Amino acid sequence: MIDPGERKERMAERFRQIYGRDPQAWRRAPGRVDLMGSHTDYNQGYVMTMTIDRDTWVAAASRPDRRVAICSMNIAGCNEFSLDELKQPLQLPASATDWTSYVAGVAWAMGADGWPVSGFDGLVHSTVPFGSGLSSSAALEMAVAALFEALGGYRVERLRLAQLGQRAENQYVGMNCGILDQFSSVMGQAGSTILLDCRSLSGQIIPMPPDLAVAICDTRLERHLAGTEYSERRAQCEEGARILGGIYPQVRTLRDVSAEMLSRHRADLPEVVYRRCKFIVQEDQRVLELADCLPEGDRARLGELFSASFAGARDLYEISVPAMQAMHAAMSAAPGVVGARQAGAGFGGCLVALVENARADTFAEYVSQAYTRSTGIQPNVYTVQASDGAGRLA
Ligand code: ADP
Ligand code: MG
């Protein structure tokens, strides 16, 4: 991992090259990983989420003309736009938009919510990998939102800030994501995970046992779900909730469905919808069980919960791909593993494991070799620590 002092110096140097002056304000926001709870957020269910110590930094110097110039050290192509000409574009698929639309989208969402946004020259640098389910997009949005706060000298209520980031991504970038990523990036706390209730939008801090490490195992297979697969799953969940809501008036989303209700009305649901619902209902339950057993670090229970989540993602929600299965096999056989499951939305990206702290290095070595042997791909395996949410640099 890059040393923070060196990172700051490199960014300042690049900033001076581009803009011919020093940056005045710095803000950061972390990426995140889900320890449990895939696709539960848009069903208003539960997620066990954790920020990671990979984050996005933005360095900026204000300018008086209500224009934003923005460059990234991760992606080519700077952009400049006027804060007075931000128009919400038609809903485009995220793949059709330029990366700077995340920045413009945050400016648009904050401005539309009544917060003063002012112009700046800015430079972004991230250590969150893109498109692998660790929420680089939310980290970018929340770092930029924190920057607008800093430049304007105000502080938006935390949940509101997360919602504005989500609105930027939903309505400006055109990606129909839930609140999970932005919420985590804003609310994170060093050393802890968060049990997020996606209906009440409240989070409960759950401490990580000190003898367990969280390992990210990146398949290095980029996700390809921006469009169809993700919205198809959402639509299937909504269909299930609609049908069950016709039977049980209290059912608004799958959050309100119990395992018992689901099995009793299996025949009322199309087969594929039933399988999708079953996964979500069980996954919600697993999140609550994880919140219960994580602090004591009950190894047997943790292992079962993680395995069941992986199997459900593969067999019921069908968001797995062969490389993710190869990774899971490697992780499950590795020394020190406590539990392994898919993270993020699926179809590539990362898996996540709980690992005995003392054996984290051997775990990583073993997984890398075993995965490369079976797929020919060199993965990225590393441990992460929960970091604080969006704000100043540490
Ligand atoms: P994820 O959020 O899982 O990483 P997304 O597809 O939602 O994947 O977001 C990734 C996109 O966010 C990138 O393709 C890019 O457009 C934008 N992005 C995120 N961080 C940066 C950055 N530091 N510089 C430029 N673009 C970024
Ligand atoms: Mg994203």
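Keep in mind that what you see is a predicted model, and the values were worked out from it rather than measured.

Our focus in this paragraph is the state of the cysteines. This model, assessed by the stated rule, comprises 1 disulfide. Through a disulfide, Cys71 is tied to Cys78; the S-S separation comes to 2.1 Å. Its torsion about the S-S bond being 115°, the disulfide of Cys71 and Cys78 is classed as right-handed. Residue classification places Cys71 among the buried positions, given a relative accessible area of 3%. With no disulfide partner, Cys177 has as its closest neighbouring cysteine sulfur the one in Cys198, 12 Å distant.

What follows covers the pattern of salt bridges. Per the stated rule, a full pass over the model turns up 32 salt bridges. Taking the shortest distance from any N to any O, the salt bridge between Asp55 and Arg28 comes out at 2.7 Å. Taken as a pair, Asp55 in strand β2 (residues 46–62) and Arg28 in strand β1 (residues 25–36) lie far apart in primary sequence, 27 residues in all. With a relative accessible area of 8%, Asp55 lands in the buried category. The closest approach of N and O atoms between Glu149 and Arg158, which form a salt bridge, is 2.6 Å. Pair check on accessibility: Glu149 and Arg158 agree, each one buried. Within this structure, Arg21, Arg63, Asp65, Arg67, Glu80 and Asp121 form a network of salt bridges that share partners.

Once that is clear, we can look at the nonpolar core. In globular proteins that are soluble, nonpolar side chains generally tend to be buried together. One finds Ile70, Phe81, Leu83, Leu86, Val103, Met110 and Phe148 to be the most contacted residues of the largest nonpolar core, which totals 47 residues. Tallying contributions element by element places helix α2 (residues 101–112) first for this core, with 8 residues. For Leu86, the residues in contact, after removing those within four places along its chain, are Phe81, Ala104, Ala107, Trp108 and Tyr172. Membership of the second largest hydrophobic core comes to 46 residues, among which are Ala215, Tyr274, Phe310 and Ala323.

What counts, and where the lines are drawn
- Residues numbered from 1 in each chain as written.
- Chains lettered and ligands numbered in written order.
- Predicted model: local features only at pLDDT ≥ 70, side-chain atom pairs only at ≥ 80, totals over all residues.
- Heavy atoms only, no water.
- Disulfide = S-S within 2.5 Å.
- Buried < 20%, exposed > 50% of the residue type's maximum accessible area, 1.4 Å probe, protein only.
- Salt bridge = Lys/Arg side-chain N within 4 Å of Asp/Glu carboxyl O.
- Helix = DSSP H or I, 4+ residues; strand = E, 2+ residues; numbered from the N terminus.
- Core = buried A, V, L, I, M, F, W, Y, C linked by side-chain atoms within 4.5 Å.
- Contact = heavy atoms within 4.5 Å.

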